[in-house]
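# Observations on the three-dimensional arrangement
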Amino acid sequence: MRNEYPQVVGIGSTVYDTLMVVDGFPQEDTKMQGVETKVQGGGPCATALVAAQKLGVTTAYMGTIGDDPFGTFMMDDLKKWNVNTDYVKVIPDTVSFHAVVVLNQKTASRTCVWNKGTVAAPTAEDLNEEVIKNAKVLHLDGHMLDAAIYAAKKCKEWGVKVSHDAGGTYPGIEKLMEYVDWLIPSEEFALKMTGAATAEEAAQKLYETYHPELVVLTQGVKGGILLDEKGMRHYDSYKVEVKDSNGCGDTFHGAFVAGKIHGLSNDDACKYASAAAAIKCTRLGARYGMANDQECRAFLKERGVEL
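Quantities reported herein were computed from a predicted structural model and do not represent experimental measurements.

## A look at the nonpolar core
Core analysis: the largest hydrophobic core is formed by 91 residues, its most contacted members being Ile 11, Tyr 61, Val 216 and Phe 256. A per-element tally of this core places helix 9 (residues 266–281) first, with 10 residues. Within the second largest apolar cluster, 5 residues are counted, among which are Leu 19, Val 101, Leu 103 and Leu 284.

## Points about the sheet that holds strand 1 (residues 8–11)
Taken in spatial order, the 8 strands make up an open sheet running 4-1-9-10-11-12-13-14, and their pairing is mixed. The sheet is open, and its two edges are formed by strand 4 (59–61) and strand 14 (231–235), each paired on a single side. Here the strands of the sheet are splayed against their neighbours by 15° on average, with no regard to which way each runs. Pairing between strand 9 (residues 137–140) and strand 10 (residues 161–166): 4 bridges, direction parallel. When the sheet's bridge partners are listed, His 139 is paired in strand 10 with Ser 163. The sheet strands contacting helix 8 (residues 248–261) are strand 1, strand 9, strand 10, strand 11 (182–185), strand 12 (214–218) and strand 14, and the helix crosses strand 11 at an angle near 160°.

## Considering the packing of helix 1 (residues 44–54) against helix 8
In contact at an axis separation of 7 Å, helix 1 and helix 8 are set at 50° when each is read in the N-to-C sense. On the basis of the axis angle, helix 1 is oblique to helix 8. Read as a crossing pair, helix 1 and helix 8 show a hand that is right-handed. Each of Pro 44, Thr 47, Ala 48, Ala 51 and Ala 52 in helix 1 lies in contact with helix 8, whose residues at this interface are Asp 250, Thr 251, His 253, Gly 254 and Ala 258.

Thresholds, definitions, all that
Going along each chain's sequence as written, the residues are numbered from 1 onward. pLDDT decides what is reported in this predicted model: residues at 70 or higher carry local features, side-chain atom pairs at 80 or more are listed and counted, and totals for whole chains, interfaces and linings draw on all residues regardless. Side-chain metrics rest on all non-hydrogen atoms present in the structure, leaving aside hydrogens and water. By nonpolar core we mean a set of buried residues, namely Ala, Val, Leu, Ile, Met, Phe, Trp, Tyr and Cys, connected to one another through side-chain atoms within 4.5 Å. The cut-offs for exposure are 20% and 50% of the maximum accessible area for each residue type, with area from a 1.4 Å probe on protein chains only; residues under the lower value are buried, those over the upper are exposed, and the others partly exposed. A helix here means a DSSP run of H or I that spans at least four residues, while a strand means a run of E at least two residues long, and both kinds are numbered starting from the N terminus. A pair of strands is considered paired only if DSSP assigns at least 2 bridges between the two. Axes, fitted as lines to C-alpha atoms, cover a helix only where it is in contact. Angles between the N-to-C directions of the axes lie from 0 to 180 degrees. Whether two residues are in contact is decided by their heavy atoms, any of which lying within 4.5 Å being enough. In these notes the angle categories are as follows: under 35 degrees is roughly parallel, over 145 is roughly antiparallel, 65 to 115 is roughly perpendicular, and the rest is oblique. Handedness of a crossing follows from how the near helix is turned relative to the far one, being left-handed for an anticlockwise turn of less than a right angle and right-handed for a clockwise one.

Okay, here's the thing in structure tokens:
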């Protein structure tokens, strides 16, 4: 086991992905030849950890995983990207979360079919509190909710920042929200969660209801909305030629966390995360295509942005 504590601990989903690139989406009950195939690790939380790790921040994944070939691959893949797996509990004779992603290279759109497997979610007893207590950020994605809520409550006591990739309105998710410092919802989540008519109204309602330190509402190619003690403003996305959007949102979340740990302001962290997401879109593979810190800063400098 490593001696140093990771800067970011993630509790949430990790997924075995088979990415199949095709020339057009297949019709039902037909066969077609694929263009390219990648087997890769996925899941919002775990993929965000890889993004942060590639940007120079130390990370660890904490949770449960099966001892099946899917789980073995995911553990090996996290290790390949230098994400610490010392605190993962492997459950014998269970099937891990896995998915098939079909990417239409003509439109850059993707369709995902997933199976959550049979692995039981972690409990509070499965978490290493000493590691979480000594982290700078706990990153969550709404999965493994009971363990996430327990850890987030503890982080409030310990002064550890809690980052939440709010992508799904899962049952009971509101119980987590009050413990979140950096709330990063998708526009879809924000509108559904609040019933607001606009993204701006949704961001404001989330901010007033749950009192996070900041809300960063993501809107894809439109950029997004940043709301903190300075008020509400928009941040831009960067126009690129999209090759593969898979993992783009997870990259944004990991890069925002990394940017904050690097000492960036909220506004600059949004620019940094948008750059990381844009670079990822130009490359095939959710994790293979992620940028490092130097690439992100060079990308922004080319566009007149100095961090």
